[in-house]
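Residue strings, one per chain:
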Amino acid sequence: MEQKKYNVDSFNLDHTKVTAPFVRLASKKVGPKGDVVTKFDIRFTQPNKEFMTTGTVHTLEHLVAEYIRDEMNGVIDFSPMGCRTGFYFTLFGDHDEAYIAEHLVNVLRKVAVWDKPVPATTEKECGNYKDHDLEGAKKMAARWVEGIEKNGWNCYK
């Protein structure tokens, strides 16, 4: 029997066969003018075993979305997954997982020891400014870096 193919790439991923943390190329699109856009699955926790609190996800989103742009050119978006196990990272260019992991490690090392205010956390700047967890974000960032440095970025072990 043929397995159903969904329009959404992550719905076709067998979440029981991957090991977090990881970086996975989710899709690559070429636009009508030849622009290449790549989207990556950046997983922090093991699917269906653990998830991040909304405050942790929200704080990671603010810190990484802001500071990954200092690390890399062509960033389009760094957005949380609804399942709260990771993020989608979208950018211009034809990039591979190792390249993305290298640059994310640099940013997440900084997040792991963050001691300044989280950017854009006022009522004027954020739609849910009270729901942040810096300590949770620091813990997840340190764990992600440690996992990638120990096991590499590949999700299939």
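As the structure is a computational prediction, the values presented were derived from the model and not from experiment.

### Description of the sheet that holds strand β3 (residues 75–80)
Backbone-to-backbone hydrogen bonds pair the strands of a sheet. The strands run either parallel or antiparallel.
No. 1: With respect to topology, four strands assemble into an open sheet ordered β1-β2-β4-β3, the strand pairing being antiparallel. One side of each edge strand has no neighbouring strand; the edge strands of this open sheet are β1 (22–30) and β3. Between one strand axis and the next, the sheet turns by 15° as a mean value, whatever way the strands run.
No. 2: Relative to strand β4 (residues 86–92), β3 runs antiparallel, the two being bridged by five bridges. Pairing of P80 across the sheet is with F87, part of β4.
No. 3: Those strands touched by helix α2 (residues 54–71) are β3 and β4, and its axis lies near 170° from that of β3.
No. 4: Packing against the sheet, helix α3 (residues 97–112) makes contact with β1, β2 (36–43), β3 and β4, and its axis sits at approximately 120° to β1.

### Structural notes on the packing of α2 against helix α4 (residues 134–151)
No. 1: Two numbers describe how α2 lies on α4: the axes approach to 8 Å, and their chain directions differ by 70°. Considered as vectors, α2 and α4 are oriented roughly perpendicular to each other. Touching T56, T59, L60 and L63 of α2 are L134, G136, A137, M140 and A141, all from α4.
No. 2: The residue inventory of the contact of α2 with α4, partitioned by class, reads six nonpolar, three polar and no charged.

### Some points on the side chain of H62
No. 1: Relative to the helices and strands, H62 resides in helix α2.
No. 2: A polar contact is formed between the side chain of H62 and the backbone oxygen of P119, at a distance of 2.8 Å.
No. 3: At 3.3 Å, the side chain of H62 forms a polar contact with the backbone oxygen of A120.
No. 4: Not counting residues within four places of it along the chain, the set of residues in contact with H62 comprises V118, P119, A120, T121, C126 and H132.

Thresholds applied
- Residues numbered from 1 in each chain as written.
- Predicted model: local features only at pLDDT ≥ 70, side-chain atom pairs only at ≥ 80, totals over all residues.
- Heavy atoms only, no water.
- Pairing = 2+ DSSP bridges.
- Helix = DSSP H or I, 4+ residues; strand = E, 2+ residues; numbered from the N terminus.
- Axes fitted to C-alpha atoms, helices over the stretch in contact; angles between N-to-C directions.
- Contact = heavy atoms within 4.5 Å.
- Parallel < 35°, antiparallel > 145°, perpendicular 65-115°, else oblique.
- Nonpolar A, V, L, I, M, F, W, Y, C, P; charged D, E, K, R; others polar.
- Polar contact = N/O pair within 3.5 Å; in protein donor to acceptor, adjacent residues only side chain to side chain.

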